[in-house]
Structures are given as C-alpha cells and as structure tokens.
Amino acid sequence: MRRFVSVWLPQWPIERLCRASPGAVPAEAPLALVESLDGRLTLTALNRAARREGLGPGLALADARAAVPALATLPAEPAADLVALRRLALWMSRYGVRIALEHFPTRWPPGSSKKMRPGKNPERSASGDPRRRQAGARSGEVDTGAPKDRAPRQISAAIDAPDGIGIEITGVAHLFGGEKGLLADLVHRLAGFGLTVRPGLADTPGAAFAVARAVQSRRLADRIVPPGETAVHLAPLPVAALRLTPETQTLLHRLGLKTIGNLTGVPRASLERRFNSRDVTAAVLTRLDQAFGLAGEPTKSLVPPARYIARLTFAEPLVSSEGVMAALGTLTERLAGDLAEAQAGARRLALALYRSDGSLVRLPVGLSRPSREAAHFRRLLADKLLSVDLGFGVDLMTLTAPESEPLAAAQVTLADLTSDAGGGTALLIDRLASRLGADRVLRLSPRASHVPEVAERLVPALAEAAPGPLDPPPLESSFCARSDGEPVSTSPDRAESWLGARSHGEPVSTSPDRALRRGARPPFLLPHPEPVAVVAEIPDGPPACLEWRRRRRRIVRAAGPERIAPEWWQPLFRPAPDGAAETAARRLGRTRDYYTVEDEDGRRYWVFREGLYGREEGEAPPAWYLHGLFA
Amino acid sequence: LPRQALIDTLRTRIEAIVSRADPGRSLAFAPTPPAGERVSACSFSPAPDVWTFGCFAIDHFLPWQGLPLAGLHEVKPATPADAPAAQGLAMALMARRLRNAPGNMQTLLWAATWRDIGEGGRPYGPGLAALGLDPARLILVEARRDSEVLWALEEGLRAGALAGVLGGVAKLGLTAGRRLALAAAAHGTPCLLLTPAAGPAMPVAMSRWRVGARPGAPHALEAGLPACLRFQLTLERCRGREAGRSWIVEWSDASFRFRLAAAVADRASLPRLARRRAG
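In this convention, every chain numbers its residues from 1, walking through the sequence in written order. Naming scheme: in the order in which they are written, chains are lettered from A and ligands are numbered from 1. Residue-level local features of this predicted model are given only where pLDDT is at least 70; pairs of side-chain atoms are given and counted only at 80 or more, and the full residue set underlies all totals for whole chains, interfaces and linings. Here the side-chain values reflect all heavy atoms present in the structure, with hydrogen atoms and water set aside.

1. Focus: the confidence of the model for chain A
Residue and element names in this part refer to chain A. Predicted confidence across chain A gives a mean pLDDT of 76, with 76% of residues reaching 70 or more. Of all secondary-structure elements in chain A, the lowest mean pLDDT belongs to helix 19 (residues 478-483), at 33, while strand 19 (residues 623-629) reaches the highest, 93. pLDDT under 50 marks residues 499-517. Its contacts with residues more than four places away, or in other chains, come to 53 contacts. Residue-level confidence of the predictor is summarised by pLDDT, bounded by 0 at the bottom and 100 at the top. In DSSP terms, a helix is any run of H or I states spanning at least four residues, a strand is any run of E spanning at least two, and both are numbered starting from the N terminus. Contact criterion: two residues are considered in contact whenever any of their non-hydrogen atoms come within 4.5 Å of each other.

2. Examining the confidence of the model for chain B
All names here are of chain B. Confidence in the prediction of chain B, expressed as mean pLDDT, is 81, and 82% of residues score 70 or more. Taken element by element, the predicted model of chain B shows its lowest mean pLDDT in helix 9 (residues 271-278) (45) and its highest in strand 4 (residues 108-113) (95). Across residues 24-44, confidence stays below pLDDT 50; counting only partners more than four residues off in sequence or on other chains, it has 37 contacts. Note that pLDDT drops below 50 for residues 264-279; the model gives that stretch twelve contacts with residues more than four away or on any other chain. Two summary scores accompany this predicted model of the complex, namely pTM at 0.64 and ipTM at 0.81.

3. Some details on the interface of chain A and chain B
If you look at the interface, chain A gives 64 residues, while chain B gives 75 residues. Two parts placed together each lose some accessible area; with a 1.4 Å probe, that loss summed over both constitutes the buried area. Carbon and sulfur atoms supply 61% of the area buried between chain A and chain B, which totals about 6000 Å² over both sides. Of all residues in chain A, the largest losses of buried area upon contact with chain B belong to Arg440, Phe524 and Arg557 of chain A, amounting jointly to 13% of the total for that side. Every case where a carboxyl oxygen of Asp or Glu lies within 4 Å of a side-chain nitrogen of Lys or Arg is listed as a salt bridge. Summed over the shared surface of chain A and chain B, the result is five salt bridges. For Glu119 of chain B, the salt bridge identified is with Arg549 of chain A, shortest N-O distance 3.6 Å. Here a polar contact is recorded for every N or O atom pair within 3.5 Å, except that within protein the pair must consist of a potential hydrogen donor and a potential acceptor, and residues adjacent in sequence are included only if both atoms are side-chain atoms. Seen at the junction of chain A and chain B, the total is 17 residue pairs in polar contact (both at pLDDT 80 or more). Tallying contributions element by element places helix 18 (residues 424-436) of chain A first for the side of chain A that touches chain B, with eight residues. Just so you know the grouping, Ala, Val, Leu, Ile, Met, Phe, Trp, Tyr, Cys and Pro go in nonpolar, Asp, Glu, Lys and Arg go in charged, and all remaining residues, Gly too, go in polar. Classifying every residue of the side of chain A that touches chain B gives 30 nonpolar, eleven polar and 23 charged.

4. Comments concerning the pairing of strand 2 (residues 31-37) of chain A
All names here are of chain A. The buried label goes to any residue with under 20% of its type's maximum accessible area, the exposed label to any with over 50%, and the partly exposed label to all in between, with areas taken from a 1.4 Å probe on protein chains only. The buried fraction of strand 2 amounts to six of the seven residues, a majority that puts the element mostly inside the structure. When DSSP locates at least two bridges between a pair of strands, those strands are taken to pair. Where strand 2 meets strand 4 (residues 72-75), four bridges bridge the pair, whose relative direction is parallel. The residue bridging Val34 from the neighbouring strand is Pro75, located in strand 4. One ladder, built from six bridges, connects strand 2 with strand 3 (residues 40-46); its direction is antiparallel. Counted as the bridge partner of Glu35 is Thr42 from strand 3. The antiparallel hairpin formed by strand 2 and strand 3 contains two residues in its connecting segment, where Asp38 sits at a positive phi of about 55°.

5. A few points about helix 1 (residues 12-20) of chain A
For helix 1 of chain A, every residue scored as buried is listed here: Trp12, Pro13, Ile14, Glu15, Arg16 and Leu17 of chain A. Tucked into the core, helix 1 of chain A has its buried residues touching strand 2, strand 3, strand 4 and helix 4 (78-91) of chain A.

Right, dumping it as structure tokens:
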C-alpha cells in the first residue's frame, strides 16, 4: 500500500515574505500582496490581520482600501514564491522518496475569489444554449455556463501558483515512529519556520490533497486517512477538493452534487448524461478515480528517487566538520554495503545535508565507472564537504546513488593488485572531475570530418570511462591514405581513425616525407585559429613571411597546400554581424589551403589560407590563419 | 640523389625494419660511446626502470642509461619563443614512454592552464597519432590556475596507474616541486614538467633539459619541403653528470624516436671514430 502526504501552505506568499525579510513586514498591521490583474490591482494574499478585517483574495485594491484605509501592500512575487517553495520541497525530501509541488487550478476555497463565483443564470446554462454547447464541445473547451458578456478571465499567476507539496512516504513512516509521528514532526518543524501548515495523509495523492485542503479539523488524527478507508473519509468533503477547475465545480454545484459522497453515489453512466460535455465527464471521473486509487497518477519528482539510500539523523544538529566527516564515513559504509548486497555499483552519488534552518545542500558526484568502494566515495565527497557551510547545524544526512549499474563481485587476483584492474585510472578521473569539474577533465575522441577542428571532439573523461571501441565509425584514413595511392585500409585498429597513423610498433611508412605528403597534423592545435599577416610570393602560393603575435618570421620551407573544402552537406552558417563570430561562422563556408611551414629558426607552424582567390572572394578577400604548432 | 639524402633514407628504412621486428627495441645509429665509457654493442634494450630518447648518444650519456621513471624531469624552452618546441619535445618523449609502458599503465595525464592552452594550443589527436601516441590514452586536464595543474599532476602521480604525467606551469615554488618529485619517486611514475624559460632552476628535478628549435635539414627529395623536426637539446642539470652537454637531435616520424641530426652524427660528434678510421 502506498501512502502519500500532502502539505498545504495556505499562507505561503505572505509567510515566505515574513521569513525572507522579517523586519520589512509588520506583524500585526493588515498587509496584502497585490498584483495587476485585468488592468487593476488585485489582492492575492493577505496576512491574518487583514483577513480579520474581512478582506479576501481577489478583491480589488481600491475596494479593499475603502474598507481598510490602513492596509499596507507589497507587490506579489510569484517567481520568488515558487523558487522558495521548491527549495522547501527539496528540504522536505527528508520525509519521503518522491516529492512534487502541488498545483491547484485556483486558490482554495473557490468562493474566496469574486471572479470565481458561479454565474448569475444557472437555469440557462444548465440546459445550455445548443449553439454554444456545440461550439464548446468542438473546441474542446469546458462549457462554463457563464454569461456571454463576461470578459475573458485572466488567471493570476500568483493565485494559480503552487501552494503545496506532495510527498510519497511509502515505507518511510517507521523512521519517525509511525505516520502520526511523521506528520507531527513535519508540522512541528514547518510551524517552527513560521508557516501555517495543513497536512493530509492518505492512500493516494488525490485523497491526501483533498484531506489537506478540505478537512477543517486541526487534529492530526483527523487528517490521516487509514489505509483502505479513503471512501469513508472523503465522502463528506466538497467536490472542489478533487482538484477540479472552477468551471467544473460550478457545474457540479448546479447539479446538486456538492460533496464527493454525492458524486460517488451517482452511477458513472448517468454522470456522463448529465454533463453537457465529454471533457467535463472525463475530468471529473479521472479526478475521482485518482482520489480513490482506481487510476494511476504519474507525477514527476523534483529529485529523481534513488534506489539506494543511506540516511543518518542526529539528535543534536552537527556543527563541526569533524562530526560531518565521521557521519560521512558511516553513510558511505552503509551505502557500499547496500550496493554490494544488490551487486550494483554507483555511477552517481548525491550527498544531501539537511540543515536545521530548513535549507538543503546537495553535493553531486559522478563516477567514471561503477563502484561500491566506501573509501573511494569518502575521498570524493570529503573534497567537496570541506567547502560546505554548515550554517546552524545539520540534523539529517542522506547519501543516495541516483544512478547505478550492475556490478558483479569480482575475484581479486594477485595480478590485479599490481595492475590497473583495480581501476586506478578510473579513480583518478573521479577525483579530478569531482574537484575540478567534469567538463575540465577530458578525453579526445575522433570524429569523422575533414575539417581539422571538427575531427576531434573533447568529451568528459567521466562519461567516456575507458577507451573502448569507437562510437562513430571512422571516416577511414580520409584523404591522407588516398593521396598516397594506397588501398584504403579497413583495419579496426583504433588509432587508424586518427588519420591513419598506427600507434603500436608498426611504423607508418618507410619514407619520412610521407607524413608531409599525406598532410601532416600538428600535435598541438590552437583553441581558435589566429589571424596572421602573410606575405606570399604568389597569391595562391605558400607564405614567404608570416607575422604572428607581433613577431615576423621568415618562412624557409613549406609543404602544401592540402586543400580542405567546406562540408557542403552541413548547414552553412550565416555570417554574423560582429567580428569574431563572423570569422568563426564563415570559416566553415570557405575552402582552406593548409600549409606546414618552417621559419628560419626551425619553428614549424600549421597555417591555412581561407578562401580561394578568384572564386571565393565574394564577402572578403582570402585571409590567413595560424591553426597549429608542431614545434 | 645526393649521398647524404641516400644515407638518410636508408637509415630510416633500417630503423623501420628493426622496430617492426621488435617494437621494444630501438637501434642506435650513432655508434660512438661517450668518452670514457665502455658500452657493449648489444645493449639495445633499456633497463626496466628508465625510458629513453631512443638516441644512443644521449641515453648512454645519462648515468641511468635513460631517464629514470621514478623522478621529476624538467623541460625548459631556450627562449620564450621556443615554448612550442619544448612542449612538442616533451609530448614526443611521453609518446615514447607510453609505447614502452607495461600493459596495465596505458594512460597519460596532460595538464595545463587555460592561459597556456590559449598560448600553445591543446593536444590534437591526429597530430598525436603522428607522434605514435594513441590519443585515446590521453586524459586532458584544463585548469584555471597553476595550483590546480600541480594538484592534478600530483594526484596523477599518486594514482600509480599512469604511464606518466606531463604538465606546464608558469611558476613553480620549491615546495610544490618537491611534492611532485617525492610523489614521482614514491610511485614510480615519471613526471615531465614544462616550466618557462626565465624561471628559477628547480633543484629537485633529476634532470633538466633546455630545448630550442633548430632549422631542419633540407628534405631528402626536395629542398623546399620541411623534413624531420630538429631540436637543440641541452642537458642543464643531471645528477652525476656534468651539465652543459648539448646535442642536436631530430625526431623520426617513422620509428618514433630521437636521433642525432645527420650532419652532427657524421662529423662533429664522431671525432674518435673518424680518427680511428683515419689511423
């Protein structure tokens, strides 16, 4: 049996503001958050003092001011509310495996907004104007039965924002001494943050949602629906608790179906006949089935639920890094034990520190190959843990493996102890990547292209664990082998793909000049080709003089050209207006002539002329670039 | 063909044949042992704890008959403009190490700061393959600062699973150098460190090399084409040998080793042989 908690925070925007800036918000004076809606300022949230004055959300600010002249207002910040709610939801992951923000079509209860009151003309809309009904059904909209002259309603971002958090607590409650203990702990902590909390606990997310929003009692026992008793507990609640849109609620009210019990009492087949639209029926029945667990309700969790979790709670918050390190040792041992039992190895780890002030620190770490070595986990995480601010203390730590792979137990032989079978390289990559960042520990990977900078790809070493077979089939020795008139080899040798050079033992050729004739490649390539000033004897010839980085070099030897045409099958980049981007973009569009040149001191460069004289001078005259360095 | 070119071509061909027959070996063509030292003619294979230039004259000048694996070696450009030459030579040297590394240590760590990458480029797979280095065996670390480069190099040395580490820093403190040297010695992993031309000397390095580019010989077939890369290689510091010995070497694309530049091998460095022949 799965169990779900729904936590409704009815005063979230106001209370968040109080928490974020305690001094700025008056505690006792009436305060409202306002938002511009339909061209006028409207209240979206109010504090207790303002509610006591009889104001409600949805009221125009002018009306509210007339009633309560002392009303203070602040602009609503739906985006900040959402960010903060998400952060709180992440912190709430201490209570369960899956967490999601709960979204309600409108604020509950529906009558609190003037705009959502039922239409004035129920008879007319219940029977319905046939023309309008057809139009509504055709366009897939719900026929609201509202008067024709009503202006299109603008949904307020603030009113429509999520104001609750759903948590799946299946199999977790015993850690808190039962469901009641869990709920009590949750309410206690959230109330400690100064939040108004309305929790609900039931078999389905829908039922928990309904209980959280619609049950009036403050007693926790009334807010827990025991397993299997959903129908009994939900029957007296109003239909609006089923997460229906206001229009549908209005319709149900007109039909006299006020509570969920009324709705379940009607045979399903006759429900469809009463509604004037198939969509409404579908919406009502789906929500009903979801609440009773008859239909599934896929939700996307804010953090991916991990299969392997180790958690450690502390009676007193930890404030010293020694304590956290010791806890890390315990956690890694536990997780490694779980992984070993399941014959799995982690590919990613996430250490979560739940601070007692309601914030969460997550430290993700990637591994280049599956591992379940506690010592390795500890070293990787300890590097990151050192820089963490513990704040007011950490009262819960979890270590999860969000991604894991099967890893069979391996017999360690004597030979393994001295070889790389122990994964020395993989462990090194993990350490480098966790400290420096995965995008800065790289491997080279070949790509089938003639364009030199495209022929090589930098991939994170973490992703590409060990040099295995090539992923893109190599474009064979490309132009090089062919220029020699040799048959193109199809050897699967990996080094083949890197322009035909062989890596082991075999010399490529017996003549030293062959490398030059087939188009030499420099061992070092500049990140971006650098423009150089060149003097050439003839326009199409190799450079005679080269000015690079403000130094003039006289060229005494040159080999080339090796002509590399643009890849016409790739989409051409349009020239951008600004300089740097322009040259980079145009570069793919013009032919290049590569030369290997040596200056009088013996320094060797790889330069190219971009563009052909007479043929590709359209946009700009051909230009020279220095692309690589031999020595 | 001119005689010189013919000899060059023949040499390369023989080298190729030899290294194909036995990849572990390299044939040394410079037949002169260094002064005052007796070397048996058949000492082709280097000792297991060294790696070599593949050049008889240099390898046998060094007290270890090569570069010790368990140590830090410093490579400096002769002038700032020679930095590409220094990094090219270091990469070629590491390529040699990787080719002769045992099967379980087949990875090379290369680390540099973004500044140095912008200055001198980053390793380019097809070009490395031409040096005889399988690019898939390389791990690149792009660091923000020198300290990160040094940290990465030290981690690489401590891992004990690498064929070698190669890195460049703009500035090196004594402590950092000592840490690297100790890690290299303790784990038997060689470390090549590129330091700027003007920087202070590092006393902990087992050897220090000064590298400059040299004009290449004219190509065997056509004088206008560049031939093998040539370097002026000076041993500035070496435990147990007097410093200042200098060679002109060239990198052989065919057999992936260094050799004395032909002109030098024939004349300048062969006084004894020439005398023997004459007498």
